[in-house]
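# Examining the three-dimensional arrangement
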Amino acid sequence: MGKEYVMGNGAIAFGAIAAGAGLVSGYPGTPSSEIIETIEKYNDGGIHLEWSVNEKAALEVAAAAAYAGMRTMVTMKQVGLNVASDPLMSLAYVGVKGGMVIVVADDPGPISSQTEQDTRRFAGYARIPVFDPVSPEDAYIMIQEAFDYSEKYGTPVLFRPTTRICHGYASIDVPQKVAARAYEGFIKDSKKWVIFPRLSYLNHAMIEERNPKIGKDFSTYRANTCEGSGKTAIFTGGISYAYVKDVLKDRTDIKLCKIGTPYPFPEDFALECLLGVERVLCIEELSPVIEEEIQKLAGIHGLNIEICGKRTSDGILSGEYSADTAAQVIHKFMGEADTEKGIDVTDAPKLPMRPPVLCAGCPHRASFYAVKKAMAGRKAYFCGDIGCYTLGNAMPLDMVDTCLCMGAGITMAQGLHWTDADAVSFAFVGDSTFFASGMTGVANAIYNEADMILCVLDNSTTAMTGHQPHPGTGRNMMGDMVEKLNIEKILSAMGVSAIETVNPFALEHAINTVRKMADIKGVKAIIFKAPCIALEKNFNKLHISEKCISCKKCIREIGCPAISIIDEKVVIDEGLCTGCGLCATLCPVSAIGGDDGE
Amino acid sequence: MNKDILLCGVGGQGTVLASKLIAASAMAMGETVHSAETIGMAQRGGSVTSHVRIGAEGAPLIPKGEAAVMLAFEPAEAVRNLSYMKEDGVVIVNRIPVKPVTDSDYDGGVMIDYLKSKCKNLIVVDAEELCRPFGSSKFFNVAILGVAVGSGSTGLDRDKVLDEIERTVPERFLEANRQAFLTGIQLGGNYGVK
């Protein structure tokens, strides 16, 4: 293949291919999704590749294959590890035979996530090693090394890139395609593969004895480096290392120590770095992991060192670093003046805010609008979930009262119902999220006799993360056409008392259906079915005729990004309009129409 | 060549293709390139940026005050990212604003006036006018890239960029993209930066 300009996620994918991975599984989540998508492009069937229904399933599938000696990789975003933490914590005790790398992409900022949790912390909690790459190039090499360490110690390992690594581009020397490694096959041994309290006790002791040895091993690992000299040191890792490098440039009066393996901490390496050092600054995003390790070392070894970072409020407490914030922190620590560069924009005019919004023509807008109209004047709760439709919270729709985590909307609608039986409790869930973690919530509602309306916003894809297939789409990552799981039949089999499937753009029918459902007792479901507009190509664009009375109802009620006011007139941006017709449906004077005269 | 180029706009305007073309052309000229994109939730109508760093060994994000060229697809986004520019950097900006649903009062003209007061090298283009011959503003990303290359501020070779357009763009859109790029080149040439 030669040199390719690839996204960091592509570099991780190529690294796994080069390492001979035989099975790769995962669940989509920004910023991790493109790893599996890259492998799909280059897979000739030699790798079993799957979007699993959720992260827990993905990790379990890969763990068993690694028991059989196959090299396996699992991919997810940081909150996905919460879902997969049940198998992970136990797997850490059991161990693996084939190398198993769990790629968990963290999202400092957060840019597209619910939390700023730090997967390096999870590594310490699960007592397994974690690798932290500093660039796409580094990620390509490091993931191959991670497979080697995993096999060497018979343990699953975590690999933790952050958004700027995942979505940064660099050129990589991609290898000729390497076939999946040969593996021995599963050898039955219940003393090894069946977790029992006795096994956990023995293996826990083994792990606590093993980890300091891995820390010693890591002390000579190439990814832990020390540059420069002096009485002052900066400890850093991941993308922050690149920012610090940008600030220090060729400066050598500060020791720059890079930690590529935050757990088990390479103590011997760090102690050597700390020789003759009087002051330390830790620059890291998310949690003060390196900082606390240095503090521990200083405590154990009685080192008289000033240690600055998040815990001393010298480092940023949340959000991501940039070269500029890293420079500010470093200059303050060094007692040096911070140089202001570039054009001064402190006198800039007020800038428009641009919160993300549902696309023009998105069927979710019509679904939310139908429910809103149907419930006008009635007390109702709207529990949202994770996906594009979280954007239904924006004004003027304002149709998301709660959003917590994947699948939570369905169960939270039940919780609110138990506090207020007079209100109508709604849960909105997308099709992919329904399969990932929605079905257990429905079972819970039926079993415990809750009163709620489940709205499945079925656009036949996983839209927010880039249109990945799922069990309802009839296509999998091996390129096979498979039987579609039918949401209506599933709900019916579970015992949902009333189920209706509607087209959200048939607005009046949709509104009437919601009203009807609100008057039925028990667990009801409405499936709003219409394809994701981002996958549609041919549009009958609409425009506004001179009949328009500028009442602006279309703008006030649905918040479509294709409609705006220019020179006091309501206009439709034809570059954005998809002809969904929702605005035309609600226009009181029928001023909106298409080329075909409708 | 050491050159930091910043592209900014609103999700859906096509900044990503333009940044990929810049990166690929620079690589074809033998340069090392790093870049970073906005991907995910912010793509849905939010502010987006692409940082392209040619010849840099460092981080994927451009530090403030170091960008030599800005391709701004929207006037307010140009102002939002102006602090990344060198004082003598070249700012190429589209005059046509994208108004967010929540802020219909925003005036693009105010942003252009502000840019005029701040930038030593400002090129204001009109996406609608520029793209009228091609029937769609979808080609603006390649046209503004043409303006940048034509102005001489990017250090990129126009034939190398044309090669990459031919390699990247689907056959049925190729001719329109090529024409959009060449129209941009001609317009950029009128400014003749450097």
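Starting from 1, residues in each chain are numbered consecutively following that chain's sequence as written. Key to labels: chains lettered from A, ligands numbered from 1, both in the order written. Reporting in this predicted model follows two pLDDT cut-offs: at least 70 for local features of residues, and 80 or more for side-chain atom pairs to be given and counted; totals over whole chains, interfaces and linings ignore these cut-offs and use all residues. Computation of side-chain values: all heavy atoms of the structure, hydrogens and water removed.

## Let's talk about the overall build of chain B
Every helix listed is a DSSP run of H or I at least four residues long, and every strand listed is a run of E at least two residues long, numbered separately from the N terminus. Across its full length, chain B carries seven helices and six strands. Helices and strands appear in chain B in the N-to-C order β-α-β-β-β-α-β-α-β-α-α-α-α. Radius of gyration here is computed from C-alpha atoms only, and the compact-globule reference equals 2.2 Å multiplied by the residue count raised to the power 0.38. Computed over the C-alpha atoms, the radius of gyration of chain B is 15 Å, within 12% of the 16 Å expected from 2.2 N^0.38 for a compact globule of 194 residues. For chain B, the spread of C-alpha atoms along the principal axes amounts to about 45 × 40 × 35 Å. Think of it in three bands: with a 1.4 Å probe and only protein chains considered, a residue is buried below 20% of the maximum accessible area for its type, exposed above 50%, and partly exposed in between. Sorting the 194 residues of chain B into buried and exposed places 58% on the buried side. We call two residues in contact when some of their heavy atoms are within 4.5 Å. Taking contacts inside chain B between residues at least 6 apart in sequence as the whole, the part at least 24 apart equals 64%. Per-residue accessibility takes into account occlusion by the displayed protein chains alone, with areas from the Shrake-Rupley method and a 1.4 Å probe. Summed over its atoms, the accessible surface of chain B is roughly 7300 Å², and 46% of this surface lies on carbon and sulfur atoms. Computed over 20 positive and 23 negative side-chain charges, the separation of the two mean positions in chain B equals 1 Å. Positive charges come from Lys and Arg alone, negative charges from Asp and Glu alone, with His and the N- and C-terminal ends not counted. Charge positions come from single atoms, namely NZ of Lys, CZ of Arg, CG of Asp or CD of Glu.

## Structural notes on the domain arrangement of chain A
Interface size, as often reported, equals the accessible area lost upon joining of the parts. All names here are of chain A. The source of the domain bounds is an automatic or database domain assignment. Once the domains are mapped, chain A shows domain 1 (2–185 + 192–211), domain 2 (225–334), domain 3 (363–535) and domain 4 (542–594). Distance between the C-alpha centres of domain 1 and domain 2: 27 Å. The largest share of the area that domain 1 buries against domain 2 comes from Arg120, Arg121 and Val134, three residues that together contribute 33% of it. We define a salt bridge as a side-chain nitrogen of Lys or Arg found within 4 Å of a carboxyl oxygen belonging to Asp or Glu. Between the two partners, domain 1 and domain 2, sit three salt bridges. As a salt-bridge pair, Arg120 and Glu284 come within 3.0 Å of each other at their nearest N and O atoms. Any N or O atom pair separated by 3.5 Å or less is treated as a polar contact, with the protein-specific requirement of one donor-capable and one acceptor-capable atom, and with residues adjacent in sequence counted only for side-chain atom pairs. Linking domain 1 to domain 2 there are eleven residue pairs in polar contact (both at pLDDT 80 or more). Elements that contribute at least two residues to the side of domain 1 that touches domain 2 include exactly α6 (119–126), β6 (130–131) and α8 (163–166). Simply put, the buried area is the total loss of 1.4 Å probe accessible area from both parts when two parts are fitted together.

## A few points about helix α13 (residues 289–301) of chain A
For an α-helix, 3.6 residues make a turn, and residues three or four places apart therefore share a direction. Residue and element names in this part refer to chain A. The span you would expect from a helix comes to 1.5 Å times its residue count less one. Helix length check: α13, at 13 residues, gives a terminal C-alpha distance of 18 Å against a target of 18 Å (1.5 Å per residue), a fit within 8%. Within the span of α13, buried status applies to Val289, Ile290, Glu291, Glu292, Glu293, Ile294, Leu297 and Ala298. In this structure, the buried residues of α13 make contact with α6, β10 (232–236), α12 (267–274), β12 (279–283) and β13 (306–308). With its phi angle positive at about 60°, Gly302 sits one or two positions after the end of α13.

## Some details on the nonpolar core
Grouped together as the largest cluster of nonpolar side chains are 73 residues, with contacts concentrated most on Val371, Met375, Phe426, Leu454, Leu491 and Phe528 of chain A. Here this core gathers at least three residues from each of two domains, domain 3 (363–535) and domain 4 (542–594) of chain A. If we skip the residues at most four places from it in the chain, Met375 of chain A touches Ala380, Phe382, Val424, Phe426, Val514 and Ala518 of chain A. Val24, Ile234 and Ile330 of chain A together with Ala36 of chain B belong to the second-largest nonpolar core, a separate cluster that totals 61 residues. Among the buried residues, those of types Ala, Val, Leu, Ile, Met, Phe, Trp, Tyr and Cys that are joined through side-chain atoms within 4.5 Å form a nonpolar core.

## Digging into the sheet that holds strand β3 (residues 48–51) of chain A
All names here are of chain A. Pairing between strands is defined by DSSP: at least two bridges between the two strands are required. Taken together, the six strands give an open sheet; going across it, the order is β3-β2-β4-β5-β7-β6, and neighbouring strands pair in parallel fashion. Of all strands in the sheet, those bounded by a partner on one side alone are β3 and β6. The pairing of β6 with strand β7 (residues 157–159) spans two bridges and is classified as parallel. In the strand pairing of β7, Val130 is matched with Leu158. Helix axes use the C-alpha atoms of the stretch in contact, all axes being lines fitted to C-alpha atoms, and the angles between their N-to-C directions lie in the range 0 to 180 degrees. Taken strand by strand, α6 contacts β5 (100–105), β6 and β7, and its axis lies near 175° from that of β7.

## Comments concerning the packing of aromatic side chains
All names here are of chain A. In this scheme Phe, Tyr and Trp rings, the latter by its six-membered ring, pair at centre separations within 6.5 Å, and the angle between planes marks the pair as stacked below 30 degrees, edge-to-face above 60, and tilted otherwise. Per the counting criterion, the structure on display carries 17 aromatic pairs over all chains. With a centroid separation of 4.9 Å and an interplanar angle of 65°, the aromatic rings of Phe14 and Tyr42 are classed as edge-to-face. In this pair, Phe14 sits in helix α1 (residues 8–18) while Tyr42 sits in helix α2 (residues 34–42), placing the two residues 28 residues apart along the sequence. The exposure class assigned to Tyr42 is partly exposed, which follows from its relative accessible area of 27%. Aromatic side chains Phe382 and Phe428 sit 6.3 Å apart centroid to centroid with 50° between the ring planes, which places their arrangement in the tilted category. Of this pair, Phe382 sits in strand β14 (residues 380–383) while Phe428 sits in strand β15 (residues 424–430), placing them 46 residues apart in sequence. Here the aromatic residues Phe131, Tyr149, Phe218 and Tyr221 are joined through ring pairs into a cluster of three or more. Counted as over-ring charges are cases with an Arg CZ or a Lys NZ within 6 Å of the ring centre that also lie within 35 degrees of the ring normal. Its end group placed over the ring of Trp193, Lys192 keeps NZ or CZ at 4.7 Å from the ring centre. Directly above the aromatic system of Phe333 lies the positively charged group of Arg279, at a separation of 4.0 Å from the ring centroid.

## Focus: the interface of chain A and chain B
Facing the 46 residues of chain A at the interface are 48 residues of chain B. Summing both sides of the interface, chain A and chain B together bury roughly 4300 Å²; the carbon and sulfur share of this comes to 60%. Our enumeration of links across chain A and chain B arrives at four salt bridges. Asp347 of chain A is the salt-bridge partner of Lys118 of chain B, the closest N and O atoms lying 3.3 Å from each other. Elements with a minimum of two residues in the side of chain A that touches chain B: β1 (2–7), β8 (168–174), α11 (239–248) and α14 (323–334) of chain A. Gly is put with the polar residues, along with every residue not named as nonpolar or charged; the nonpolar set is Ala, Val, Leu, Ile, Met, Phe, Trp, Tyr, Cys and Pro, and the charged set is Asp, Glu, Lys and Arg. Residues belonging to the side of chain A that touches chain B are distributed by class as follows: 27 nonpolar, eight polar and eleven charged. Sheet topology note: the β8 of chain A/strand β2 (residues 33–37) of chain B ladder contains two bridges and is antiparallel.

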